[in-house]
Amino acid sequence: MSEIVLQVENLHTSFFTRGGEVKAVDGVSFFVRESETFGIVGESGCGKSVTALSIMRLLQEPGGRITGGKIIMEGTDLVPLSKKKMRAYRGRMISMILQDPMSSLNPVYTVGNQIGESIRLHQALPDNMVEPAIIESLRLLKIPTPETMLGNYPFQLSGGMRQRVVGAIAMSCRPRLLIADEPTTALDATIQAQYIALFEDIQKKTNVAIIFITHDFGVVAKMCHRVGVMYAGKIVETAPTREIFKAPQHPYTSALINSVPRLDRKDERLFSIEGQPPSLLNLPPGCRFAPRCTVARDTCRQQEPPEVNVGNEHTVSCWRVK
Amino acid sequence: MTTLGEVRAKPAKRISGLSRGARIVRSLTFFVPMVIMLGLVFITLFAPLIAPYDPIEQHMLERRLPPSFFEGGTTKYILGTDHLGRDILSRMIYGGRVSLSVSLLAIMITAGIGTVMGIASGYIGGRTDGFLMRLTDIAMSFPGLLIAMLLSVGVGPGFWTVVFALSILGWAGYSRMIRGEALRLRNSDFVMQARVNGVSNIGIMFKHIFPNVVNTLIIIMTLQIGMMILAESALSYLGIGIPAPTPSWGSMVSDGRNDLDRAWWISTFPGIAIGLVVLSGNFLGDWIRDKTDPRLRRL
Amino acid sequence: MADILMEGRNLTKHYPVTRGLLQHVVGWVRAVDGVSFTIERGKTLSLVGESGAGKTTTAKAVLLLERLTSGTILFEGKDLYHYSSKELKTLYRPRIQYVQQNPWSSMNPRMRLRDIIAEPLMTNTKMNRGEIRRRVMELLANVGLDPETIDSYPHEFSGGQRQRIAVARALGLNPSLVVLDEPVSALDVSIRAQIMNLLKDLQDKYNLSYLVIAHNLATVRYMSHDVAIMYLGQIVEYGDTEEVFQKPLHPYTRALISASMLTLPEDEQEVKQIILTGEMPSPMNPPSGCRFHTRCAEAKEECSRDIPEMVSVGAKHMVKCHHHG
């Protein structure tokens, strides 16, 4: 198996607000290998975006900060690194793509300028080598006529094209890890399909490890090798993609998969999960999903379940699984 | 059935991300200005009961007395007397009353006119917008001071002349800002919904546009407190404001300008008062804006 | 004979593009270009397509928020543009309602629930305060919310609950048709099912017709009886939902289905993945002949030359392609 690029161990991130401490990420562990895509699936408020920001150390102090755990990248723990040292990682070793391409691109600078900024910051290239490097990045994202694209401004591009430019910026320094936070949510279905195929291609070419955050199971199925399902700040199940769909162990995972309407058959009635996710300021004792779980027992409501390994890199946190 | 209870969190112990010192400073920026402003309102309402002397009563034998905490002063006149022997403290109290009433009235009038124009301009658009904005441009380019002087000469100086002078052009600042808000709101989803439901234009302006514009309005108004008081002071200082012997802070500053070397307190105390009120108004405006801006995360 | 509530015939909406000091027209954005459909009483028609397809513009035309360049909208057999403004206010507007995509911006944040839901009632009926209050509480209960929350503000509710409030507001006047613009796409996955189930239940209970705008095919399949696939301002395939999804005839429909299908990587060998090249062209300058030919893997010579006709292939199934089937 290829080597592990990132290992997150027992990460805790909290936001300190007037209402109290919001434990947005409460003991999350996972790893990603070279040339592998790890998906993080969950609904809004589950902590997936905060996890991404924590890895990038982009949380806004004093409100939010990592309160515990390790983020190990190729031997170095990123959590205690100084701001200066962390900046050397961002853009070069770890890159990030966000959901809205319009706000990720500065409207007053050209595409070439924005990709070039990243290259100039992190690579010591002589001046005449910068432009070829920019064009190389554009080609990697299969952007047509890269030479003309250099001088284009974001407003001249469509949503799909902008998202490719964002991808080009992210990949310009050939990072070891790419974190993509819902990059396809705002894209149309057919453009999304193009984009996913593109990233599979990029992964083959550059061996980059990808953490793909999404709420869309269709995208997970197509794009990710392994998946982690998050709920209320914790990962409740991790498994290879195929197993998550064929044999989900956690009640939330199966409920979630069942509540998504299927295109390959006609559903008579969709399964819907009653209630809402718990408020992170006021967590229930025991398993966080228990209030909404149809098969919850007394133990579930009293104690948080431990993480159990059920083989083949498949872990679950549920009292019903031994 | 989903109910509201699941959404609301029980308030827990307050743990904020800021240090204790930072939090104290932050709450002070609200309390201190609030106290000052409330104090001013109190003084305004109860002036006759608080002021020790009649503000225009002259005590010719006790002119230019320094404040009581200085050498030569007496506790009879706590802040001293001016060049005509009038008690500074009493004049400050009555003067505050005048300055505040003039400013508040002017603010009410300008806010009222400006809001109506801004909402009409932003929501209705088209030629109405064009016309009203041209009016605003004209108002903004007129020299306010000149108008005030002309009014003072033409109508004669007095309380209402000053109010009029301050109001006649002051609405322009509001109408532009409110127009911007109204424009933004016109395109919002809930306004579209109201149109689908058949609500009339007037109905939409009253029920949907105005309540959402009130926030901005209040912020502008609190920031205007300082500006209006300064404007009134300037007019009075120049002699085209509140006529003597009625005290106003501006005219008091003016009165003392010839005595700055030997009786500095005549100008200084009213000057400090003006500064404090302007500062308080500004801090209050900032505080309200920060409190009501939903985008700023509450730390 | 089907009970037809609304019929759209050849709807067209072109927006002028102006330039220069004198604002002369340099082109037209052909947002909707000859769209026809029928909506039956108690049934759902979905308009499916990607951004720029013209589905929102069509919906706005039905809601009279946009004026058509040409075409006719018949409501219960009568042409909407022949209604007097008084008739529109009394006979049409109360019968058609709108639920928007974004539950966070579709309600005035400064109004309480009771006023938000009451607004259509107050504008269009002569009910007194007490009657309105009772009706609002009844509506809240119908959508699964606690009637006691009637005096709360929208920001106190979650996205899914707000969408329920929007639905409650829409039902106040007992409409015949509700236009739903992406009703669940802004909501979390597990909440979507709740709302979709609610909408279906309400449809059965009150014999409501829905015009749904969506880009998510699976949602469409779950909720609609009929579907219209739109591309660049035109309907390219139309018919009974099950038929269209089981036997898609237009290459675009097949590409959409392929892109939306939940397939695991090893299944890909069996299910052909169709990935389109390029992007949707600008509605200002649609391609010649068949508008889809620039991205179509099956395009032949005539596709760039001749505009395909809308051909009937079954009871209701229609497709606009030279090589359907």
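Residues numbered from 1 in each chain as written. Chains lettered and ligands numbered in written order. Predicted model: local features only at pLDDT ≥ 70, side-chain atom pairs only at ≥ 80, totals over all residues.

1. Details of the overall build of chain A
Link 1 in the chain: Helix and strand counts for chain A come out as 12 helices and 12 strands.
Link 2 in the chain: A compact globule built from 322 residues would reach a C-alpha radius of gyration of about 20 Å, and chain A, at 20 Å, matches this within 12%.
Link 3 in the chain: Oriented by its inertia axes, the alpha-carbon framework of chain A measures out at about 70 × 50 × 40 Å.
Link 4 in the chain: Counting every position in chain A, which comprises 322 residues, the buried fraction comes to 51%.
Link 5 in the chain: Relative to all contacts within chain A whose residues are 6 or more apart in sequence, the contacts with residues 24 or more apart total 65%. (Helix = DSSP H or I, 4+ residues; strand = E, 2+ residues; numbered from the N terminus. Rg over C-alpha atoms; globule rule 2.2 N^0.38 Å. Buried ≥ 20, exposed ≤ 12 C-beta atoms within 10 Å, placed from the backbone. Contact = placed C-beta atoms within 7 Å.)

2. Details of the overall build of chain B
Link 1 in the chain: Looking only at helices and strands, chain B has nine helices and zero strands in total.
Link 2 in the chain: Each helix and strand of chain B, ordered N terminal to C terminal, gives the series α-α-α-α-α-α-α-α-α.
Link 3 in the chain: Taking all 299 residues of chain B together, the buried fraction comes to 38%.
Link 4 in the chain: In chain B, 69% of the contacts between residues at least 6 apart in sequence involve partners at least 24 apart.

3. Digging into helix α5 (residues 159–186) of chain B
Link 1 in the chain: Its 28 residues place the ends of α5 of chain B 40 Å apart at the C-alpha level, agreeing with the 40 Å of an ideal helix rising 1.5 Å per residue.
Link 2 in the chain: For α5 of chain B, the principal kink sits at L169 of chain B and spans about 35 degrees. (Expected span 1.5 Å × (residues − 1). Bend = angle between axes of the 7 residues up to and from the residue.)

4. Examining the sheet that holds strand β12 (residues 315–316) of chain A
Residues and elements named next belong to chain A.
Link 1 in the chain: Taken together, eight strands build an open sheet; the order of strands is β6-β7-β8-β3-β9-β10-β12-β11 and the sheet is mixed. Both edges of this open sheet fall to β6 (94–97) and β11 (308–309), since each of them pairs with a single strand only.
Link 2 in the chain: Note that strand β3 (residues 37–41) and strand β8 (residues 209–214) share five bridges and pair parallel. Residue G39 lies in a different strand from β8, and its bridge partner there is F212.
Link 3 in the chain: Across the sheet, helix α7 (residues 159–171) touches β6 and β7 (177–181), and the angle it forms with β6 is around 170 degrees. (Pairing = 2+ DSSP bridges. Axes fitted to C-alpha atoms, helices over the stretch in contact; angles between N-to-C directions.)

5. Some words on the confidence of the model for chain B
All names here are of chain B.
Link 1 in the chain: The pLDDT averaged across chain B works out to 82; a share of 91% of its residues lies at or above 70.
Link 2 in the chain: The weakest mean pLDDT in chain B belongs to helix α1 (residues 20–50) at 80; the strongest belongs to helix α3 (residues 126–141) at 91.
Link 3 in the chain: Taken as a whole, residues 1–15 scores under 50 in pLDDT and shows 32 contacts with residues more than four places along the chain or in a different chain.
Link 4 in the chain: Interface scoring of the predicted complex returns ipTM 0.79; its pTM is 0.80. (pLDDT = per-residue confidence, 0-100.)

6. Comments concerning the domain arrangement of chain A
All names here are of chain A.
Link 1 in the chain: Examined at the domain level, chain A breaks down into domain 1 (4–93 + 175–276 + 306–316) and domain 2 (108–173).
Link 2 in the chain: Between domain 1 and domain 2, the C-alpha centre-to-centre distance is 27 Å.
Link 3 in the chain: For the side of domain 1 that touches domain 2, the element with the most residues is helix α8 (residues 189–206), which contributes seven residues.
Link 4 in the chain: Here the side of domain 1 that touches domain 2 is built from residues that sort into nine nonpolar, three polar and two charged. (Domains from an automatic or database assignment. Nonpolar A, V, L, I, M, F, W, Y, C, P; charged D, E, K, R; others polar.)

7. A short note on the nonpolar core
Link 1 in the chain: Ranked by size, the top nonpolar core spans 242 residues in total, and within it L177, I179 and I211 of chain A together with I229 of chain C carry the most contacts.
Link 2 in the chain: With 15 residues, helix α2 (residues 88–124) of chain B is the single largest residue contributor to this core.
Link 3 in the chain: Split by domain, this core shows at least three residues from each of two domains, domain 1 (4–93 + 175–276 + 306–316) and domain 2 (108–173) of chain A.
Link 4 in the chain: Not counting residues within four places of it along the chain, the set of residues in contact with I179 of chain A comprises A52, I55, M56, I94, M96 and I211 of chain A. (Core = buried A, V, L, I, M, F, W, Y, C linked by C-beta atoms within 7 Å.)

8. What to know about the interface of chain C and chain A
Link 1 in the chain: At the interface, 29 residues of chain C touch 36 residues of chain A.
Link 2 in the chain: Contributing elements (two or more residues each) for the side of chain C that touches chain A: α6 (189–206), α7 (217–223) and α9 (251–260) of chain C.
Link 3 in the chain: By residue number, the principal contributor to the side of chain C that touches chain A is α6 of chain C, which donates six residues.

9. What about the environment of W28 of chain C?
Residues and elements named next belong to chain C.
Link 1 in the chain: Mapping W28 onto the fold places it in strand β2 (residues 24–40).
Link 2 in the chain: Using a count of 16 C-beta atoms within 10 Å as the deciding quantity, one classes W28 as partly exposed.
Link 3 in the chain: Taking the C-alpha atoms as reference points, W28 and Y15, separated by 13 residues in sequence, lie 5.5 Å from one another.
Link 4 in the chain: The contacts of W28, once residues within four sequence positions are left out, are H14, Y15, P16, V17 and M284.

10. Some details on the pairing of β7 of chain A
All names here are of chain A.
Link 1 in the chain: Of all five residues in β7, five are buried; the element is thus mostly enclosed.
Link 2 in the chain: With burial as the criterion, each face of β7 is covered, one bearing L177, I179 and D181 and the other bearing L178 and A180.
Link 3 in the chain: For β6 and β7, the ladder comprises four bridges, and the chain directions are parallel. Note on β7: the bridge partner recorded for I94 is L177.
Link 4 in the chain: As judged from the five bridges shared by β7 and β8, these two strands associate in the parallel manner. Across the sheet, residue L178 finds its bridge partner in β8, namely I210.

11. Concerning the sheet that holds strand β4 (residues 64–73) of chain A
Residues and elements named next belong to chain A.
Link 1 in the chain: The strand order β2-β1-β4-β5 describes an open sheet built from four strands, whose pairing is antiparallel. In this open sheet, the two edge strands, each paired with only one partner strand, are β2 (20–33) and β5 (76–77).
Link 2 in the chain: Strand direction decides the pairing type here: strand β1 (residues 4–17) and β4, joined by eight bridges, are antiparallel. Each bridged residue has a counterpart across the sheet, and for H12 the counterpart in β4 is G68.

12. Examining the environment of D3 of chain C
All names here are of chain C.
Link 1 in the chain: Among the secondary structure elements, D3 is positioned in the segment before β1 (4–19).
Link 2 in the chain: In the structure, D3 is positioned 297 residues away from K300 in sequence and 40 Å away in space, judged by C-alpha atoms.
Link 3 in the chain: If we ignore the near neighbours within four places in the chain, the residues touching D3 are E40 and R41.

13. Here's the deal with unusual backbone geometry
Residues and elements named next belong to chain C.
Link 1 in the chain: Look at N10: it is not a glycine, yet its phi comes out positive at around 55 degrees.
Link 2 in the chain: With respect to the secondary-structure elements, N10 resides in strand β1.
Link 3 in the chain: Take N10: there are 13 C-beta atoms within 10 Å of it, and that puts it in the partly exposed class.
Link 4 in the chain: Here E182, not a glycine, exhibits a phi torsion of approximately 45 degrees, which is positive.

14. Here's the deal with the packing of α8 of chain A against α9 of chain C
Link 1 in the chain: Orientation of α8 of chain A relative to α9 of chain C, taken along the N-to-C sense of each, is 55 degrees, at an axis distance of 8 Å. In terms of orientation, α8 of chain A and α9 of chain C fall into the oblique class. Taken as a pair, α8 of chain A and α9 of chain C cross one another with a handedness that is left-handed. Residues A189, T190, Q192 and A193 of chain A of α8 of chain A pack against A255, L256, A259 and S260 of chain C of α9 of chain C.
Link 2 in the chain: Its residues placed into classes, the contact of α8 of chain A with α9 of chain C shows five nonpolar, three polar and no charged. (Parallel < 35°, antiparallel > 145°, perpendicular 65-115°, else oblique. Left-handed = near helix turned anticlockwise from the far one by under 90°.)

15. A closer look at α7 of chain A
Residues and elements named next belong to chain A.
Link 1 in the chain: Look at α7: 18 Å from first C-alpha to last across 13 residues, which is about the 18 Å you get at 1.5 Å a residue.
Link 2 in the chain: Along α7, 12 of the 13 residues are buried, which leaves the element largely enclosed by surrounding structure.
Link 3 in the chain: Within the span of α7, buried status applies to G160, M161, R162, Q163, R164, V165, V166, G167, A168, I169, A170 and M171.
Link 4 in the chain: On the buried face of α7, the contacting elements are β6, α3 (101–104), α4 (111–122), α5 (127–140), β7 and α8.

16. Digging into the environment of F30 of chain B
Link 1 in the chain: Tracing the backbone shows F30 of chain B in helix α1.
Link 2 in the chain: Sequence-wise, F30 of chain B and P247 of chain B are 217 residues apart; in three dimensions their C-alpha atoms are separated by 30 Å.

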